[in-house]
Each structure stands twice: as C-alpha cells, then as structure tokens.
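Architecture and fold: a report
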Amino acid sequence: MTTDTPDLGTLGIWRHHSGIAPELARLIESAGYGTIWLGGSPPADLTTSEEILDATESVVVATGIVNIWSAAAPEIAESYHRIEKKHPGRFVLGIGAGHPEAVQEYQKPYDALVAYLDALDEGGVPVGRRVLAALGPRVLKLSADRTAGAHPYLTTPEHTAEAREILGPGKVLAPEHKVVLEADPQKAREIGRPPVNNPYLHLRNYTNNLKRLGYSDEEIGDGGSDRLIDALVAHGDAAAIAARLRQHIDAGASHVTLHSLPDDADPSVTYREVAAAFLN
C-alpha cells in the first residue's frame, strides 16, 4: 500500500462534490485530466470520492477541500484508510479551515489546522497523502512542513510564484483557476463575476490575499473590477484558457485545476476542448 503522493498530472478539474456523476468522471479521465478535485466541503464519510474512484480506472481523486470544522479527523482517517485499501494510490486528502464567516466556532484557524494534522497523524494518514488549502504565507509554510503541499483557491499566477517560493521545490502546488469558454469578454465577465463576488469577495481570507497581490479595495468592491475578474477567471477560446492555465505551471505550480463556470452548466465541452489545447 503506497503512501507516496500520487502523480496528479499537470491538469485537473475542480467541481462541487454534488456535481460529479460517474459518466462525467469517466469523460474527465478519458480527456486526459490527472485529478478530479471534489469541492464544497465533502462530508467525512467521503462516499463521493469512493464512488468516483469506483467509476474510473486511473484518475486521482482529491478533496478540495474537507472542512476541518465540519468533518472530524478520526472519521476522516477511517474514510481515508477505507478508500486507500480499495483504491491504493489514487486518493489525496485536501483539508482546510474554510473561512470565519461560515461557522460560529471558527477560532484561531492556524492552531485548529495544526491540531487537525496532529489528529491525522494519530489516525495514520500519511503526510504524502494530504494537502492544505493555503493562501497566506503562514499556512503555506505549514503545508510545506506537515503535508505534501498546497491547494490554493481563487488565485493568480503571481500568487503561485509566491507560493512556490514559500513551499520550496518538490512540494505539490495545485492552484484552482476559474474558466469560462466564451470569446466575448463582456459575456464571459457576466458569467464569471457572480460566483467570484458571491461569496469570495466578501470573505476576508480571500480579500486579504487579493490585497496582498496588489488589488485595491475599490477593485474588490462592487462585484470586482474587470481587471480583477479577468485575473481570476480565464476566458476566451480553449487556446486562450490553456495559455492562462499554463502561466500557473510557468510560475511554479506542479498542477493546475480548472473550475468551469457557470457551475450549473454541463462542463463537458469545456473539459474536452481545454484539455485538448493544454495537453497537446
């Protein structure tokens, strides 16, 4: 039973755990993606991860992310071992502290992350099979010290470059990037702006990170400036989107995961066309 970090490939997809059916998972695998990231705080039983692994042959499945406030570490450890026994070497546990607006008991997230990692150690979850949702320098450093690496969300290639410097070489760095397969910039922004604005431009861990990257309060307010939306949501044809995603790889990412918008639309065409442009 391997405990090394699985090969994530260079390209993956991010989608809410409720939005991945077995047929879509098989399409993702056949298109050449290396990893399926299941977002939206999957519950601790990790049944969705197991179902996607059951439906596929080689693609890696990762949580992006399990929320430490809603999924107890002992139960997560049990779920990890169940999945690892059934599908050895194909699962990565992404965990994170979410954001303070989401839960009343949210206090000292850094300390809570450390305690959660301690509990995963006690539960036998290997360091090489877990990553942290990390934006700021302190949690990025914790990712380097206690996990296989980091899975940043809502970032830019500039953040990726800074994250790689903190993580050092050899660590997983797998940023998420939103994409809209739409050639008209105005239409693309109309699709991309709402899911960026609500909730992320109202959550201080994300807004603080954007400010660190040089975006002003004015650019973050009122739904986000065009410059900010264009930085966070790649749009255009498949070649333009692939070029934007490659900027993360050029900046030091080991893997980049695309998040197709709108969330309630069938992403199949986007997945096929962007994979063909990126991987060929």
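Scroll up a little and you will see the structure.
A quick note: this is a predicted structure, and the numbers were derived from the prediction, not measured. (Residues numbered from 1 in each chain as written. Predicted model: local features only at pLDDT ≥ 70, side-chain atom pairs only at ≥ 80, totals over all residues. Heavy atoms only, no water.)

**Focus on the environment of proline 137**
Here proline 137 is to be found in helix H5 (residues 137-146). Among the residues examined, proline 137 registers a relative accessible area of 46% and is labelled partly exposed. In this structure, the C-alpha to C-alpha distance between proline 137 and glutamate 165, residues 28 residues apart in sequence, is 9.9 Å. (Helix = DSSP H or I, 4+ residues; strand = E, 2+ residues; numbered from the N terminus. Buried < 20%, exposed > 50% of the residue type's maximum accessible area, 1.4 Å probe, protein only.)

**Regarding the side chain of histidine 235**
Examined against the element boundaries, histidine 235 turns out to sit in strand E10 (residues 233-236). Looking at histidine 235, its side chain comes within polar contact range of the side chain of aspartate 230, at 2.9 Å. Residues contacting histidine 235, with those up to four places away along its chain left out, are Val180, Glu182, Pro185, Ala188, Asp230, Ala240 and Ile241. (Polar contact = N/O pair within 3.5 Å; in protein donor to acceptor, adjacent residues only side chain to side chain. Contact = heavy atoms within 4.5 Å.)

**Thoughts on helix H1 (residues 22-31)**
Of the positions making up H1, those classed as buried are Leu24, Ala25, Leu27, Ile28 and Glu29. Buried positions along H1 lie against strand E1 (11-16), strand E2 (35-39), helix H2 (47-55) and helix H12 (268-279). Glycine 32 sits one or two residues past H1 and shows a positive phi near 105°.

**Points about the pattern of salt bridges**
A full pass over the atoms with the stated rule returns 14 salt bridges. Linking glutamate 50 and arginine 82 is a salt bridge whose minimum nitrogen-to-oxygen distance equals 2.9 Å. Placement of glutamate 50 in helix H2 and of arginine 82 in helix H3 (residues 73-86) is noted, with a sequence separation of 32 residues between them. Among the salt bridges present, the one from arginine 227 reaches glutamate 219, with a minimum N-O distance of 2.6 Å. Relative accessible area serves as the criterion here: at 14%, glutamate 219 is assigned to the buried category. Among the charged side chains, a salt-bridge network with shared partners connects Glu50, Asp54, Arg82 and Lys86. (Salt bridge = Lys/Arg side-chain N within 4 Å of Asp/Glu carboxyl O.)

**Considerations on the pairing of E10**
On a regular strand, one side chain projects to one face of the sheet and the next to the other, so that they alternate. Across the two faces of E10 the burial is the same, with Val233 and His235 and Ala234 and Gly236 all buried. Here strand E9 (residues 176-181) pairs with E10 via 4 bridges, running parallel. Paired with leucine 181 across the strands is glycine 236, a residue of E10. (Pairing = 2+ DSSP bridges.)

**Here's the deal with helix H4 (residues 109-122)**
Helix length check: H4 (14 residues) gives 20 Å between terminal C-alpha atoms against 20 Å at 1.5 Å per residue, within 8%. Buried within H4 are the following residues: Ala112, Leu113, Tyr116, Leu117 and Leu120. What you see down the axis of H4 is that its buried residues fit within an arc of 135°, all on one side. Where H4 is buried, its residues contact strand E4 (66-67), H3, strand E5 (91-96), strand E6 (130-132) and H5. Phi turns positive one or two residues past the end of H4, at glycine 124, with a value near 80°. (Expected span 1.5 Å × (residues − 1). Arc of directions from axis to C-beta.)

**Comments concerning the packing of aromatic side chains**
Working definition: an aromatic ring pair is given by the centre-to-centre distance plus the angle between the planes. Scanning the model with the defined rule gives 6 aromatic pairs in all. Here the aromatic residues Trp14, Tyr153, Tyr200 and Tyr206 are joined through ring pairs into a cluster of three or more. Directly above the ring of tyrosine 110 sits arginine 138, whose terminal nitrogen or CZ lies 3.7 Å from the centroid. Cation over ring: arginine 246 sits above phenylalanine 278, and NZ or CZ is 5.3 Å from the ring centre. (Phe/Tyr/Trp six-rings, centres within 6.5 Å; stacked < 30°, edge-to-face > 60°. Lys NZ or Arg CZ within 6 Å of the ring centre and 35° of its normal.)

**Quick notes on the pairing of strand E11 (residues 256-260)**
Summarising burial for E11: 5 of the 5 residues are buried, a large majority. Residues Val256, Leu258 and Ser260 point to one face of E11 and Thr257 and His259 to the other, with burial holding for every one of them. Looking at chain direction, E1 and E11 are connected through 3 bridges and run parallel. What sits directly across from leucine 11, in E11, is valine 256. Bridge analysis of E9 against E11 gives 4 bridges, and the strand direction is parallel. Note that in E11 the partner of lysine 178 across the bridge is histidine 259.

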